[in-house]
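Residue strings, one per chain:
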Amino acid sequence: QEHLVESGGGLVQAGDSLTLSCVDSVRALSDSDIGMAWFRQAPGKDRVFIAGISSRSKTHYVDSVKGRFTISRDGAKNTMYLQMNNLKPEDTAVYFCAADDKNPEIIHTYSMGYDYWGQGTLVTVSS
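Residues numbered from 1 in each chain as written. Predicted model: local features only at pLDDT ≥ 70, side-chain atom pairs only at ≥ 80, totals over all residues. Heavy atoms only, no water.

Undergrad: Now, about the sheet that holds strand β3 (residues 18-23): what can you tell me, with residues and values included?
TA: Sheet architecture is open: four strands sit in the order β1-β3-β8-β7, paired in antiparallel fashion. Strand pairing shows two members of the sheet lacking a second neighbour, β1 (5-7) and β7 (69-74), which therefore form its edges. Averaged over all adjacent pairs, the angle separating strand axes in this sheet is 15°, with direction ignored. Taken together, the six bridges between β7 and strand β8 (residues 79-84) define a ladder with antiparallel strand orientation. What sits directly across from Ile71, in β8, is Leu82. (Pairing = 2+ DSSP bridges. Helix = DSSP H or I, 4+ residues; strand = E, 2+ residues; numbered from the N terminus. Axes fitted to C-alpha atoms, helices over the stretch in contact; angles between N-to-C directions.)

What follows is the structure, given as structure tokens:
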């Protein structure tokens, strides 16, 4: 279900940086510990996991973004961030944030592990 809102996407050149944010604007998840993650869906491709952060602040990244992207969270603001550095054309995608309040201590790398989603924010990286 859609409960989250992403922002920060845009059109950039290769090598540029962007920071995406994801918020629960009505604090619907504030009563529970949550795990959160970022997924992305490139044109013509399936939605895939790229980074996650557990309720204990453990993080996990796929190899394609490791060392370039950093996931973080601000619990007081119910906000999650994805700092993206050295962007590449292959990073072009719609980026989605997701949240899990059922098993938040585990970072799930599949879409069905998350019950709450945003509608996505588009990142386009030109060469």
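Once the structure has been displayed, the description carries forward.
Undergrad: Just give me the short version of the side chain of Asp91, but keep the residues and values in it.
TA: Assignment of secondary structure puts Asp91 in the loop between β8 and β9 (93-100). Residue classification places Asp91 among the buried positions, given a relative accessible area of 0%. Side chain to side chain, Asp91 and Arg40 meet in a polar contact 2.9 Å long. Here Asp91 is in contact with Arg40, Arg68, Phe69, Asn86, Val123 and Val125, once residues within four sequence places are set aside. (Buried < 20%, exposed > 50% of the residue type's maximum accessible area, 1.4 Å probe, protein only. Polar contact = N/O pair within 3.5 Å; in protein donor to acceptor, adjacent residues only side chain to side chain. Contact = heavy atoms within 4.5 Å.)

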